[in-house]
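Analysis of the macromolecular model
Chain by chain, the residues:
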Amino acid sequence: MADYSSPPPPRGIRIPPTVFAVGLGLLIGAVLWLKPDYLADSIERPALLISEIQASNWSTVADTDGDFSDWIETVSYTHLRAHETSLHL
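Computed from a predicted model, the values in this text were never measured in an experiment.

**Focus: the overall build of the chain**
Broken down by element type, the chain carries 2 helices and 2 strands. Reading the chain from its N terminus to its C terminus gives the helix and strand order α-α-β-β. Counting only contacts in the chain whose residues sit at least 6 apart along the sequence, the fraction spanning at least 24 positions is 38%. As displayed, the chain has an accessible area near 8700 Å², and 62% of this comes from carbon and sulfur atoms.

**Observations concerning the confidence of the model for the chain**
Across the chain, the average pLDDT comes to 77, with 75% of residues at or above 70. By mean pLDDT, the top-scoring element of the chain is helix H1 (residues 17–34) (85), and the lowest-scoring one is helix H2 (residues 37–40) (64).

**Quick notes on a nonpolar patch on the surface**
Together, Ile13, Ile15, Val19, Phe20, Leu24, Leu27, Ile28, Val31 and Leu32 give the surface a local cluster of nonpolar side chains, amounting to about 860 Å² of exposed area. Within the fold, leucine 32 resides in helix H1. The exposure class of leucine 32 is partly exposed, given its relative accessible area of 32%.

**Observations concerning the environment of arginine 45**
Locating arginine 45 in the fold gives a position in the loop between H2 and strand E1 (48–54). Given a relative accessible area of 54%, arginine 45 falls into the exposed group. For arginine 45 and threonine 78, which are 33 residues apart along the polypeptide, the C-alpha to C-alpha distance reads 9.3 Å.

**Observations regarding the environment of threonine 78**
Within the secondary structure, threonine 78 sits in the segment after strand E2 (71–76). Put simply, threonine 78 and leucine 48 are 30 residues apart on the chain and 7.9 Å apart in space, counted from C-alpha to C-alpha.

Thresholds applied
Residues numbered from 1 in each chain as written. Predicted model: local features only at pLDDT ≥ 70, side-chain atom pairs only at ≥ 80, totals over all residues. Heavy atoms only, no water. Helix = DSSP H or I, 4+ residues; strand = E, 2+ residues; numbered from the N terminus. Contact = heavy atoms within 4.5 Å. Areas by Shrake-Rupley, 256 points an atom, 1.4 Å probe, with all protein chains shown as cover. pLDDT = per-residue confidence, 0-100. Patch = residues over 30% accessible without salt bridge, like charges linked within 9 Å, V, L, I, M, F, W, Y side chains within 5 Å. Salt bridge = Lys/Arg side-chain N within 4 Å of Asp/Glu carboxyl O. Buried < 20%, exposed > 50% of the residue type's maximum accessible area, 1.4 Å probe, protein only.

Set out below in C-alpha cells:
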C-alpha cells in the first residue's frame, strides 16, 4: 500500500523574498547613514573619467562656430590637469 502523506516541511526559517529585499535595503541604508564614507573609501577612482559622449551631433549642441560637432566630456579626480592634446580616440 502506497503512503500518500505530505512530505515534512523544510527545516530552517523561510523568509519571503520581499521581506528579505526590504530588510537588506534597510541594512545597507543604515550602514551608509551611520558611516557614509564606508563604501566611498573602498572605491578607487580613475584619474580621468569620460562622463558624457555626444556622437553624431546633428542638432543638439552647437559649438562657438555654430557647427554641431561631436564632443566628449571628461572629469578629472586628481589635482593634475589632463593634457587634452595628448588624448585621442
